[in-house]
Amino acid sequence: MTCLSGLALASGLPGCGGLSDRPVIVALNRWLGYEPLCLALREGWLDPGRVGLLETASATESMRALLDGRADGAALTLDETLKVRAAGLPVSVVMVCDISAGADMLVARAGIRRLSDLKGRTVGFEASALGALMLEEALRAAGLNKTDITPFSVSIDKHRQAWKHRQVDAVVTYEPVASQLLADGGIKLFDSGQVPNTIVDVLAMRSDVLDFSHARAVRHAVAAHFMAVNHLYRNPYDAAYRMAEHLGFSAAEVLPAFKGIILPDERDNYRLLGGAAPELLRSAGKLSRLMLENRLLAREDSLAALLNPDYLPKDF
Amino acid sequence: MPPTKTGHFGHALLKCLSVLQLCGVLACLPVAAAGESVKIGILAYRSKPQTLAQWQPLAVALKQALPDRDFAIETFDFDELALAVASRQVDFVLTNPGHYIQLSKRNGLSAPLATLALNDRDPERAIMAFGGVIFSRADDAGIDTILDLKGKTIAVTGIDSLSGYQLQAYEFQRGGGNLSQQAKLLQTGMPQDNVVDAVLNRRAEVGLVRTGVLEELAGEGKLDMRQIKIINRQPLPGYPHLLSTRLYPEWPFAAMPQTDENLARHVAAALFMLEENKAATRAIGIHGFGVPADYTAIADVLRDMRVPPYDVVPSFTLKDIWLRYQWPLLAALLIIGVFLLLTLNLLLVKRKLVVQRKLLLEQKQQLLDSETFLRTLIGTLPDLIWLKNADGVYLACNPRFEGFFGAEEQAIVGKTDYDFVDKASADSFRAHDMLAMQKDGPYLIEKWVTFADDGHKELLETLKIPMRDAAGQFIGVLGIGHDITERKQAEEKLSLAASVFTHAREGILITDVDGRIIDVNDTFTAITGYSREEALHRNPSMLKSDRQNKAFYAAMWADLKEKGEWSGELWNRRKNGQLYAEILTISAVRDAQGNTQHYVALFSDITPFKEYEQQLERIAHYDALTGLPNRILLADRLRLAMMQALRRGQKVAVVFLDLDGFKAVNDTFGHDMGDELLTALAGRMKQTLRESDTLARLGGDEFVAVLVDLPDTEACLPLLSRLLTAASQPVVYGESAMLVSASLGVSFYPQAEDIDADQLLRQADQAMYQAKMKGKNQYHLFEAD
């Protein structure tokens, strides 16, 4: 009966066998928000035969894999997603992995007590939309503009180094580097918590993969993510120990690290992706405009078919 | 529970502390002001004394924090603790999470006030999670993975134990099995040391204990870790203990519902601060107490395992069912709805069908009856009935036809004539069929056929007619054979009769009962001269001649009426007035009741016969040459004359006449001339006699004359003279003249004595001789001497 109704209504209930279901490959780099998918794979909630995880070193590599066709989807930030679309590959967001709520922050050296004190200083940031966005928001909050500071482009893996070598006075960084810098005496002047729902990590799938034969696989990936998130909430200790090694933290560091991000559940996802006026669409529009201004996008994204809530679980 | 440091010092300290505790308690007793001691019930998974000793420092620490209260530690096993909670013997509870949830559900323990924190490898860090361990003997090769637990004997403290059974069973269940059903459980009871013993002593193959226990026992020297191996080991490098299951939050510290809220709050605060009290924590062997964890994960496990307090199947309200299975239910309802509709439809259709069926059965019965009737009809008909298709294959036939072929209808249908009769007949049948089809109308033939069943023959009048159905489609050629043997015979008889009637040499006349002619044949016309039309409706009396008198016809009619027939001869008159003689037979034709309906008259024209008769008469009585009566007629005439003479009283003279010299003439002139002479003389002599006299020739040249109506003997003398004269005249024939004379002898009748004709003739003959003696050409009268 379940099978029948499943078939009839294409609700994607497992165990019914599909008509030549095809697997999908998702590229993802190491990041807190994407860890649930990796946990799901380790715990057996994610079937590697249906969804293959392609671990990459960075989001850039994930993007390249997506554009090359080596991956059918990728875990990316929203701005990275827009970049991919601008590059000519139509992708859609099927799930919001996490929302930065403080994990991204502006850490300044001791001595710079207020945002406004940044004037005339060197501020490091990743040359990504995230970095640009954070910097802009921070400057706005500071009441400064770009010309008041010396922007210094530095990638995340070099943040620690730059800090040590005093190449920057402040840096827009994120976990886990952020915690490290704070431990080094840095002061958090601004964080993403002040710009909610802006820095969003999503699972973006190529539009041509969002067809009937791949539908089950995509739904499986999404469902596995939520299963892992669910485990994290229900049994955080167990989840923490299990994620520790892959994340490269100690078990005790895992849970605190997760404090900086929100992992939206199924309901939250529906709110963000679905309905008549999805919340994420507003953020995407703002991001698109920002990226255009910073010349990170050639032109504004039409946002057409950007969000696709159809692959979220129907029962939760 | 944390590993205990059981050194001398600790032991002694513990002893002192417990004594102090006791004193404190005793001391407190009479003083009511301080209140009762606060009892903390703690689950002992090692031995109770051991656990009590371990946790004594907590009571001390709490006393330090809350000086105006006394605290007492009490250790229990599962059931004892449950009882204690139920009977409100304790104020606070520290037990494993599963047990906590159970007690909480039953007795309403508070939400956890704090969660136990143990020391990590680095004592600065705390572990707030624990799990279960599965182990077996190291040398036991048959057990490597959790699935190998199937069928093995597993030592557990009890099935209520969370980390000593339930967590491991849950792991097993995740693999799809049911440990309690698929393995043998050996329940050892607390402490968990018993489990290790059981495995080491081979009473069980597998043992289930809490994380840390094995390390504790090893630390106490009671276990050589090399003796055992861990099953389903979880590779979590951050976790300091051996682990076979998932990790779950450590033990909760909870308050009883009756516990004073203030006390609970202060105790909670003291617990959180405990980690500052290094002495205490070190003594107990824990890190401290942390923020209460979320035990939902444990609840989930218990629920999945269906163990208390979730051993009751959760009431799945209808709403839950609806929400969970919305779409399948809708689909099912839809399908059921469709199914019901179809069933309803089916029932309706069924009802309709039943009615239809009934109707059809009736119709069928009617048809059967009709068919039976028709079949009987066709079977009863005395005619042969058959049906062949356009190819001459039999489609059906009736019982009479079966007799013809000598086979049953089943054997005939499907076959052709060629299978039953000779080729010639079959060919002719076929030819007739074709003709009928060509004509597309009835075709009649007569044929003699032999019936195969009994060999009798019949003349069949066969009607062949193409048979078409209501739509006008050609079905086949219908054949109907009617036995006309008798009719034919009757026809032939009739035809024969008619032929006889027409062609008979006899004239046939048929009248009705009143004598009116209703039919005549051609011979009638030939004889009577009247045509059929002239004769019809008239009476045969039109043919009457005068020859018969009334009496004759009266007798005829009388005979007819009486006997029904009459036959005889009569003379009738033809149309042209000519008389003719007929021999006539009249028969009366009677009907079944005996009433005369017709008269049939058969007659033949015997006029020629009559003449012939006369001729015969003549030949019988007259001399052929002269035409004179012969001897026979003479005798007759003489007799008559004699009778007449007697009656009239007259005399009769018999004259015997013999010609003289006749022989000489015969010899001279030949017999033919002699005949001529005789003929001439006969004529002459006859002329000399009277009408009533008779001159007869006896033969040769002998004649006899009978002279009648003589008054006396002398009266005949002139006649005699004339006779002599006539005989003596010469007869000229051609160029010959012949001359003879006659000698006459005469006798008379009646005489004195009776005398018959013969005697008379003899007398006359004698007299003639006398005449001849006397010199011929004279007469001599007989004298009776």
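Residues numbered from 1 in each chain as written. Chains lettered and ligands numbered in written order. Predicted model: local features only at pLDDT ≥ 70, side-chain atom pairs only at ≥ 80, totals over all residues. Heavy atoms only, no water.

### Considerations on helix H7 (residues 193–200) of chain B
- Burial in H7 of chain B covers these residues: Asp193, Val195, Val196, Ala198 and Val199 of chain B.
- Remark: arginine 202 of chain B follows H7 of chain B within two positions and exhibits a positive phi of approximately 65 degrees. (Buried < 20%, exposed > 50% of the residue type's maximum accessible area, 1.4 Å probe, protein only. Helix = DSSP H or I, 4+ residues; strand = E, 2+ residues; numbered from the N terminus.)

### Topic: unusual backbone geometry
- Omega for the peptide link from methionine 190 of chain B to proline 191 of chain B comes to 5 degrees, which places this bond in the cis form.
- If you trace the backbone, proline 191 of chain B turns up in the loop between strand S9 (184–187) and H7.
- A cis amide bond links tyrosine 749 of chain B with the next residue in sequence, proline 750 of chain B, at an omega value of -10 degrees.
- Inspection of the secondary structure puts proline 750 of chain B in the loop between strand S30 (741–749) and helix H26 (757–774).
- Of note, the phi angle at arginine 166 of chain A is positive, near 55 degrees, even though the residue is not glycine.
- Here arginine 166 of chain A falls in the exposed class, since its relative accessible area comes to 62%.

### Some thoughts on the packing of aromatic side chains
- Using the criterion set out here, one finds 19 aromatic pairs over all chains in the structure.
- Aromatic pair tryptophan 31 of chain A and tyrosine 174 of chain A: ring centres 6.0 Å apart, planes at 80 degrees, arrangement edge-to-face. With tryptophan 31 of chain A in the loop between strand S1 (24–29) and helix H2 (35–43) and tyrosine 174 of chain A in strand S8 (residues 170–174), this residue pair connects regions lying 143 residues apart in the sequence. The residues tryptophan 31 of chain A and tyrosine 174 of chain A share a single accessibility class, namely buried.
- Here phenylalanine 253 of chain B and phenylalanine 289 of chain B contribute two aromatic rings whose centre-to-centre distance is 5.7 Å and whose plane-to-plane angle is 80 degrees, an arrangement assigned as edge-to-face. With phenylalanine 253 of chain B in strand S13 (residues 252–255) and phenylalanine 289 of chain B in strand S14 (residues 288–290), the pair connects residues that are 36 residues apart, well separated along the chain.
- Judged by its relative accessible area of 0%, phenylalanine 253 of chain B falls in the buried class.
- You can call phenylalanine 289 of chain B buried: its relative accessible area is 2%.
- Here the basic side chain of arginine 109 of chain A rests over the ring of tryptophan 163 of chain A, its NZ or CZ set 4.4 Å away from the ring centre.
- Over the face of the ring belonging to tryptophan 571 of chain B we find arginine 547 of chain B, whose NZ or CZ atom lies 4.4 Å from the ring centre. (Phe/Tyr/Trp six-rings, centres within 6.5 Å; stacked < 30°, edge-to-face > 60°. Lys NZ or Arg CZ within 6 Å of the ring centre and 35° of its normal.)

### Examining the packing of H2 of chain A against helix H8 (residues 212–234) of chain A
All names here are of chain A.
- Viewed as axis vectors pointing N to C, H2 and H8 meet at an angle of 95 degrees, and their least axial separation amounts to 8 Å. On the basis of their axis angle, the class for H2 and H8 is roughly perpendicular. Taken together, the residues of H8 that come into contact with H2 (itself represented by Pro36, Leu37, Leu39 and Ala40) are Ala221, Ala224, His225, Ala228, Val229 and His231. (Axes fitted to C-alpha atoms, helices over the stretch in contact; angles between N-to-C directions. Parallel < 35°, antiparallel > 145°, perpendicular 65-115°, else oblique. Contact = heavy atoms within 4.5 Å.)

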